[in-house]
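Structure assessment
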Amino acid sequence: MNPTAKKVLVTSKEYLIITIGLVMYCFSWTSFLIPKGIVGGAIPGLATFVNYATGGLIPVSATYLAVNVVLLILGFLILGRGFGFKTIYCILLNSVLLQVLPDLIPWESTVEEPFLNALIGGFIGAVGIVMIFNQGGSTGGTDIIALILSKFREISPGRVYLFCDLVIVGSVLFLPGKTLSDVIYGYLQVIAFSSGVDMLLTGTKQSVQVMIFSEKFNEIADALMSQLKRGVTAFDGIGWYTKETHKVLVVIARKHQLNEINKIVKGIDRSAFMSVTSTMSVYGRGFDELKGPEKIQWKRKRNQKGQGPERPLQS
């Protein structure tokens, strides 16, 4: 397959997955949240609040479009052009689906309890958003805020959603006709959505540290490196009871690789001793990239009299 055809195939696959994710996201609103009167978060919630607060003077569509235009500009500048085009596609298709999906799928949740609809709708929406996120897209609004912050800080997208949506949904309490129950159900949807995003988006990135004690450490280390494609470090250890020296193998791997490590070790030495510890964060080759603000260097211009050389200043 030539490079051009391969690129077209990859791009088509990305937009297909994004489209499926958008359908799931809109389905969560049109079948579980909106029919049950549950007010969720994100930019549509903010736009609705502005509409009510101004007595209908500012339409929901105007606020939604204005906020997303500002965030799209930031997305173009910080996350790249590819991100912006996919996000524009998502925003336009999302608007269309919210309008036509109730006619295409005229099904509404038969569950009577509002809190169950909030939880189910929130999680289904999270599944759709994660599918979109994994292909580099976004439905706009708080999605863009989450992606921008995650580019420079080690902060989970779910926490960004949670903070923004807690403020938006909480503001509903100040609107006429809304009660504390409406806010609580909205918070349940927000919690289910943000927790689902974190679990699905970062669950496969959880890491573990495995310590292996075995007399067949050479065979185990070679097998782990060749089959698991993970680095292995060997330390010298002393068994204090026997006063005998031995090697201790240390492996850092993804959590989903733990079963494979167990099979490899037990296949070589069933009497091997293993210790598994969950790790908060792992940075480096094969894991996460260390992110943080970069220092910007400025140069002090020489004055007109040429007094002193240029000196770099750091902010």
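Whatever comes next refers back to the structure up there.
Residues numbered from 1 in each chain as written. Predicted model: local features only at pLDDT ≥ 70, side-chain atom pairs only at ≥ 80, totals over all residues. Heavy atoms only, no water.

Secondary structure summary: the chain contains 10 helices and 6 strands in total. Evaluated residue by residue, the chain yields a buried proportion of 37% over its 315 residues. Long-range contacts, defined here as pairs at least 24 residues apart, represent 70% of the contacts in the chain between residues at least 6 apart. Carbon and sulfur atoms make up 62% of the accessible area of the chain, which amounts to about 19,100 Å² in all. (Helix = DSSP H or I, 4+ residues; strand = E, 2+ residues; numbered from the N terminus. Buried < 20%, exposed > 50% of the residue type's maximum accessible area, 1.4 Å probe, protein only. Contact = heavy atoms within 4.5 Å. Areas by Shrake-Rupley, 256 points an atom, 1.4 Å probe, with all protein chains shown as cover.)

Applying the stated criterion across every chain, the model contains 6 aromatic pairs. Judged by centre distance (6.1 Å) and plane angle (15°), the rings of Phe 27 and Trp 107 are stacked. Of this pair, Phe 27 sits in helix H1 (residues 3-33) while Trp 107 sits in the loop between helix H4 (81-104) and helix H5 (114-134); the two residues are 80 residues apart in sequence, bridging distant segments of the chain. Taken together, the ring pairs connect Phe 27, Phe 32 and Trp 107 into an aromatic cluster. (Phe/Tyr/Trp six-rings, centres within 6.5 Å; stacked < 30°, edge-to-face > 60°.)

Now for the nonpolar core. Counting 21 residues, the largest nonpolar core has Leu 22, Ile 129, Ile 132, Phe 133, Tyr 161, Phe 193 and Val 197 as the members making the most contacts within it. Broken down by secondary-structure element, the contributors of at least two residues to this core are H1, H4, H5 and helix H8 (180-202). (Core = buried A, V, L, I, M, F, W, Y, C linked by side-chain atoms within 4.5 Å.)

This part covers H1. When the terminal C-alpha atoms of H1 are compared, their 44 Å separation across 31 residues agrees well with the 45 Å that a helix rising 1.5 Å per residue should span. All of the buried residues in H1 are Ile 18, Gly 21, Leu 22, Tyr 25, Cys 26, Ser 28, Trp 29, Thr 30, Ser 31, Phe 32 and Leu 33. Between the side-chain oxygen at the start of H1 and the backbone nitrogen of Thr 4 there is a gap of 3.2 Å, and the oxygen is on Asn 2. (Expected span 1.5 Å × (residues − 1). Polar contact = N/O pair within 3.5 Å; in protein donor to acceptor, adjacent residues only side chain to side chain.)

We now examine the sheet that holds strand S4 (residues 273-279). Judged by pairing direction, the sheet is antiparallel, and its 4 strands sit side by side in the order S2-S3-S1-S4 without closing on themselves. The open sheet has two edge strands, strand S2 (232-239) and S4, and neither has a second partner. In this sheet, adjacent strand axes meet at a mean angle of 25° when their direction is disregarded. Where helix H9 (residues 217-228) meets the sheet, its contacts fall on strand S1 (207-213), S2 and strand S3 (244-254), and the angle it forms with S3 comes to roughly 15°. Strands in contact with helix H10 (residues 258-268) are S1, S3 and S4; relative to S4, the strand with the most contacts, it is inclined by about 165°. (Pairing = 2+ DSSP bridges. Axes fitted to C-alpha atoms, helices over the stretch in contact; angles between N-to-C directions.)

Here we come to the pairing of S2. Bridge count for S2 against S3 is 8 bridges, and the pairing is antiparallel. Residue pairing for S3: Val 232 is matched across the bridge by Val 251. In this antiparallel pair of consecutive strands, S2 and S3, the connection spans 4 residues, and Lys 243 shows a positive phi of 60°.

The next subject is the packing of H9 against H10. Look at H9 against H10: their axes get within 10 Å of each other, and the N-to-C directions meet at 145°. Both H9 and H10 take part in a crossing whose hand is right-handed. Contact with H9, carried on its side by Glu 219, Ile 220, Ala 223, Leu 224, Gln 227 and Leu 228, involves Glu 260, Ile 261, Ile 264, Val 265 and Ile 268 of H10 and no other residues of that element. (Left-handed = near helix turned anticlockwise from the far one by under 90°.)

All told, the structure shown has 2 salt bridges when counted by the stated rule. Where Lys 86 meets Glu 14, a salt bridge forms, and the shortest distance between an N and an O atom there is 2.8 Å. Placement of Lys 86 in helix H4 and of Glu 14 in helix H1 is noted, with a sequence separation of 72 residues between them. Linking Lys 247 and Asp 236 is a salt bridge whose minimum nitrogen-to-oxygen distance equals 2.5 Å. Here Lys 247 is found in strand S3, whereas its partner Asp 236 is found in strand S2, with 11 residues between them in sequence. Lys 247 gets classed as partly exposed once you look at its relative accessible area, which sits at 28%. Overall, Asp 236 belongs to the exposed group, its relative accessible area being 64%. (Salt bridge = Lys/Arg side-chain N within 4 Å of Asp/Glu carboxyl O.)

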